[in-house]
Amino acid sequence: MASGLEIEDEAENKGSMWVLEQKLDQPMDEEAGRLRNMYREKKFSALLLLRLAFQSLGVVYGDLGTSPLYVFYNTFPHGVRDPEDVIGALSLIIYSLTLIPLLKYVFIVCKANDNGQGGTFALYSLLCRHAKINTIPNQHRTDEELTTYSRNTFHEHSYAAKTKRWLEKYASRKHALLVLVLVGTCMVIGDGILTPAISVLSASGGIKVDHPKMSNDIVVLVAVVILIFLFSLQHYGTDKVGWLFAPIVLLWFILIGGIGIFNIWKYDSSVLRAFSPVYIVHYFRRGGKDAWTSLGGIMLSITGTEALFADLTHFPVSAIQLAFTVVVFPCLLLAYCGQAAYLVKHKDHVIDAFYHSIPDRIYWPVFLVATLAAIVASQATISATFSIINQALALGCFPRVKVVHTSKKFLGQIYIPDINWILMILCIAVTAGFKNQSQIGNAYGTAVVIVMLATTLLMTLIMLLVWHCHWIVVVIFTGLSLIVECTYFSAVLFKVDQGGWVPLVIAAAFLLIMYFWHYGTLKRYEFEMHSKVSMAWILGLGPSLGLVRVPGIGLVYTELASGVPHIFSHFITNLPAIHSVVVFVCVKYLPVYTVPEEERFLVKRIGPKNFHMFRCVARYGYKDHKKDDEFENKLFDNLFMFVRLESMMEGCSDSDEYSLYGQQTERSKDSLLRDNPNSAYCNFDPTISSVDSIVQVKSPLHRTNHSGVSSGQTSNQTEVNELEFLTNCRDAGVVHILGNTVVRASRDSKICKKIAVDYIYAFLRKICRENSVIFNVPHESLLNVGQIFYV
């Protein structure tokens, strides 16, 4: 009893709101403790693990599995001079597959996933959570309290802490890291163009093997028709035809593995000596520069490895590892060994070596499966391109484009119409322009090796900041990876003029688009931050804000999560009226893969109650889908819930002068600290639908004094009045107020900045989707406020 009296005395001293917060926050903190680090590699039953591994074949390994179609031709584009060269090339392929896909990606890089999400932006989001390297500073400490915002702590004098301080010290380092991520992203987009081109063209080449007199133009025409068909089906989504992918790819691996065993037995089993690395040394001694440049073709044997990491979304790492080690890796080794055995006896058949090595009786069935496997490989790469562009879009690094979610079950399956047709046009142009696998292969190798280099550099930071590895381990991993990848990179540089320039040009174009868009977005955000209106000015206007308050609710969209945006002052100084209720709405994306529904909205009152001004921040992860038809309803649900909870908390309504996160204005700091020392923002679970469930939690607090009942009745009456007022205003009409800003470079800016802002960024804003379309605002409810920002 004594302890109970002490708690009640403490409640009287600190105020009932403090006790309410303790009672509300404790269960939430316990739940957060259970949910934090939500993604864990679960223990699956053997049967379920086998099923997931089987399904992963169709999504993850299509690109890697179709590489035998074109590797040897691109390694020896001028023919094989010495059979021993085939053994040396095979040895290089074996150790490339072992070092890069098997050891580096399957067993190391795949562990660096962001709650099951893979890819370049997943690595970047992990780094952004462990260090303040996000170039747009719109994050706050409350974002770190999300259950999906998992991060580790480290000692102040550790290598992780030193790396963190080094990254955060200069803005140039943050921008350099962002450019590295964008370069990797642009090369993945290049893969989305080159993979369909080389895979489908290589598969179509099988027609000419059986009909040698057929013109190469016919093969190209067949490839173009297949590509048009492939891109035209994208709007259906992979969910509709995905059930076919795994059986096709599994059948493909069984066929190439079986054909490999047959060829080894029939032609030359001595090719198995290529497992000795000695033959790599002999290969370089014998071939010199030609052997070195042939590494560009060897590089194609590990294409699709990045897709292995990027497509982790729907499969656990253990399933990916099982599928690769049991099916993919041995079948690929058998396929390459079989082709090498055939080429040792038939040096002149290096062009379309795969089709030449197929036994006659099963030629056309294998050709059909090869074509289907090429389509599956292309589909996976195109889907990965859509996903990575969607991530870039969420982090403010890509112009606003239409994103269509094609599956209700899998949020990661999306379709971007504009990008789809751009990819199709570029893919057809590459296929028809080059007309042969060799030059496309050179381009493909360049894109792949640059993506791998970017991943290696990002993994170095992950190992230091996230995993807290010892520096010796980091040096070994980074050193070995860079030695292998830089060797390949030096080889592809020799082929830049033979097709390798294609991904560089494509990547440069996308990099300029993405960087200038991000630069303009950052400058606009900085201007809004510096020009936001002080609360003192708002308070000086009085409850009516110096205007006529007309019935209705005005939703003012802003990128600021705190403070009153400049657009609002611009609006009320040019128009004589404002709505009875004003809600500042900020939609922002965080470096997390998802934000749980119950933690998505933050609501705060701005000014005294009679101002009827609120702020709502909606937070999303880069994988989240903002359903436009539900957004407004959920916003108002959370607003009404805020009013209900606020009425139950004595003193919460006095948080008049506080912005969203409790930041005080200079004018009213002293009076607010005296009247209300315990202000806070509220974060709700929208599944709570009634006040009764809340009252049950708080009912003991009303017994702390004799006036508790009357004060509770007064609070309920106030709540009812305000809820009724909000409901009436909503029924009167909701108006969406958006800023139609024009960003211009200031007069004293340098010429480069003027070109970037006044021309490139302005052009991108003109051709991209409007904010009103993104937010699905009805035309009759839209109010655009025009203004010019000089940055």
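For clarity, every value in this text was computed on a predicted model and none was experimentally measured.

**Concerning the overall build of the protein**
Along its length, the protein carries 32 helices and nine strands. Within the protein, the proportion of its 791 residues that are buried is 56%. Of the contacts formed within the protein by residues at least 6 apart in sequence, a portion of 84% connects residues at least 24 apart. Accessible surface computed for the protein: about 33,400 Å², of which carbon and sulfur atoms make up 60%.

**Regarding the confidence of the model for the protein**
In this model, the protein carries an average pLDDT of 78, and 81% of its residues clear a pLDDT of 70 or more. Segment residues 651–715: pLDDT under 50, and 126 contacts once partners within four positions in sequence are set aside and those in other chains are kept.

**Quick notes on the pattern of salt bridges**
One pass over the structure, following the stated rule, counts eleven salt bridges. The partner of R600 in a salt bridge is E597, and the shortest N-O contact between them spans 3.0 Å. Note that E597 is salt-bridged to K634, the shortest N-O span being 2.9 Å. Taken together, the residues E597 in the loop between β4 (577–589) and β5 (601–606) and K634 in helix α27 (residues 628–648) connect sequence positions 37 residues apart.

**Brief notes about the packing of aromatic side chains**
Aromatic ring pairs: the centre-centre distance and the angle between the two ring planes describe each pair. Inspection of the entire model under this criterion finds 23 aromatic pairs. Relative to Y124, the ring of F121 has its centre 6.5 Å away and its plane inclined at 80 degrees; by these criteria the two rings are edge-to-face. Of this pair, F121 and Y124 both sit in helix α7 (residues 120–130), three residues apart, which is roughly one turn of that helix. Like F121, the residue Y124 is buried in the burial classification. With 5.2 Å between their ring centres and 85 degrees between their planes, Y267 and Y342 make a pair best called edge-to-face. With a gap of 75 residues between them, Y267 in the loop between α13 (245–266) and α14 (278–287) and Y342 in helix α18 (residues 317–345) connect regions that are remote in the sequence. Here the aromatic residues W252, F354, Y355, Y363, W364 and F367 are joined through ring pairs into a cluster of three or more.

**Some details on the side chain of T66**
Considering the arrangement of structural elements, one finds T66 in the loop between α4 (62–65) and α5 (71–75). Side-chain polar atoms of T66 contact the backbone oxygen of D63, separated by 3.1 Å. Excluding its chain neighbours within four sequence positions, the residues that come into contact with T66 are S199, W252, A373, A374 and A377.

**Focus: the nonpolar core**
The biggest cluster of nonpolar side chains holds 163 residues, and the ones touching the most others in it are Y61, F253 and Y355. Examining the composition of this core, we find that 18 residues originate from one element, α18, more than from any other. The next biggest cluster of nonpolar side chains, apart from the first, holds 26 residues, and it includes F601, C616, Y620 and L726.

**Regarding α14**
Listing the buried residues of α14 in full gives I280, Y283 and G287. Buried residues of α14, viewed axially, fall in a sector of 60 degrees; they line one side. Two residues or fewer after α14 comes G288, characterised by a positive phi angle close to 65 degrees.

**Quick word on the side chain of T385**
Among the structural elements, T385 can be located in helix α20 (residues 363–394). A relative accessible area of 0% means that T385 is categorised as buried. A polar atom in the side chain of T385 sits 2.9 Å from the backbone oxygen of T381. Beyond its immediate stretch of four places on either side in the chain, T385 contacts V188, I189, G192 and L423.

**What about a nonpolar patch on the surface?**
Residues Y159, W471, I472, V475, I476, L480 and I483 make up a contiguous nonpolar surface patch of about 710 Å² in total accessible area. Mapped onto the elements of the fold, Y159 is located in helix α8 (residues 159–169).

**Some words on the packing of helix α6 (residues 83–106) against α18**
At a closest axis distance of 10 Å, the pairing of α6 and α18 adopts a crossing angle of 175 degrees. It follows that α6 is roughly antiparallel to α18 by the angle criterion. Taking contact as the criterion, the partners of P83, V86, I87, L90, I93, I94, L97, T98, P101, L102 and V106 in α6 are, on α18, V317, Q321, F324, T325, F329, L332, L333, Y336, C337, A340, L343 and V344. Looking at the contact of α6 with α18 residue by residue, the class counts come to 20 nonpolar, three polar and no charged.

**Notes on α6**
Under the 1.5 Å per step criterion, the end-to-end length of α6 is 33 Å for 24 residues, consistent within 8% with the ideal 34 Å. Burial analysis of α6 places 18 of its 24 residues in the buried class, which makes it a mostly covered element. At the N-terminal boundary of α6, the capping side chain belongs to D82, with an oxygen 3.0 Å from the backbone nitrogen of E84.

**As for the environment of K402**
With respect to the element layout, K402 can be found in the loop between α20 and β1 (404–405). The exposure class assigned to K402 is partly exposed, which follows from its relative accessible area of 41%. Remark: the alpha-carbon pair of K402 and Y415, spanning 13 residues in sequence, is separated by 8.5 Å. Not counting chain neighbours up to four residues away, the residues in contact with K402 comprise Y415, I416, P417, D418 and R769.

**A few points about the environment of A394**
Locating A394 in the fold gives a position in helix α20. A sequence separation of 229 residues divides A394 from K623, and the C-alpha atoms of the two residues are 8.5 Å apart. In this structure, A394 is in contact with Y589 and Y622, ignoring residues within four places of it in sequence.

**Digging into the environment of S276**
Among the secondary structure elements, S276 is positioned in the loop between α13 and α14. Residue S276 is classed as partly exposed on the basis of its relative accessible area, which comes to 26%. Residues S276 and I87 lie 189 residues apart in sequence; the distance between their C-alpha atoms is 10.0 Å. Those residues in contact with S276 that lie beyond four places of it in its chain are S91 and Y95.

**Remarks on the pairing of β4**
Taken across its 13 residues, β4 has eleven buried, putting it largely inside the fold. When strand β3 (residues 548–557) meets β4, the two strands line up parallel, connected through eight bridges. By the bridge assignment for β4, Y557 is matched with V585.

**Some words on the packing of helix α9 (residues 171–204) against helix α11 (residues 216–232)**
For the pair α9 and α11, interaxial distance at closest approach is 9 Å and the crossing angle is 130 degrees. By the criterion of interaxial angle, the relationship of α9 to α11 is oblique. The handedness of the crossing between α9 and α11 comes out as right-handed. Facing α9, whose interface residues are P196, A197, V200, L201 and S204, α11 presents V219, V220, V222, A223, I226, L227, L230 and F231.

**A short note on unusual backbone geometry**
In this structure, H468 takes a positive phi of about 60 degrees despite not being glycine. Judged by relative accessible area, H468 falls into the partly exposed class, the value being 33%. Although it is not a glycine, H612 adopts a positive phi angle of roughly 55 degrees. As for its placement among the helices and strands, H612 is situated in the loop between β5 and β6 (613–620). The exposure class of H612 is buried, given its relative accessible area of 18%.

About the criteria used
- Residues numbered from 1 in each chain as written.
- Predicted model: local features only at pLDDT ≥ 70, side-chain atom pairs only at ≥ 80, totals over all residues.
- Heavy atoms only, no water.
- Helix = DSSP H or I, 4+ residues; strand = E, 2+ residues; numbered from the N terminus.
- Buried < 20%, exposed > 50% of the residue type's maximum accessible area, 1.4 Å probe, protein only.
- Contact = heavy atoms within 4.5 Å.
- Areas by Shrake-Rupley, 256 points an atom, 1.4 Å probe, with all protein chains shown as cover.
- pLDDT = per-residue confidence, 0-100.
- Salt bridge = Lys/Arg side-chain N within 4 Å of Asp/Glu carboxyl O.
- Phe/Tyr/Trp six-rings, centres within 6.5 Å; stacked < 30°, edge-to-face > 60°.
- Polar contact = N/O pair within 3.5 Å; in protein donor to acceptor, adjacent residues only side chain to side chain.
- Core = buried A, V, L, I, M, F, W, Y, C linked by side-chain atoms within 4.5 Å.
- Arc of directions from axis to C-beta.
- Patch = residues over 30% accessible without salt bridge, like charges linked within 9 Å, V, L, I, M, F, W, Y side chains within 5 Å.
- Axes fitted to C-alpha atoms, helices over the stretch in contact; angles between N-to-C directions.
- Parallel < 35°, antiparallel > 145°, perpendicular 65-115°, else oblique.
- Nonpolar A, V, L, I, M, F, W, Y, C, P; charged D, E, K, R; others polar.
- Expected span 1.5 Å × (residues − 1).
- Pairing = 2+ DSSP bridges.
- Left-handed = near helix turned anticlockwise from the far one by under 90°.

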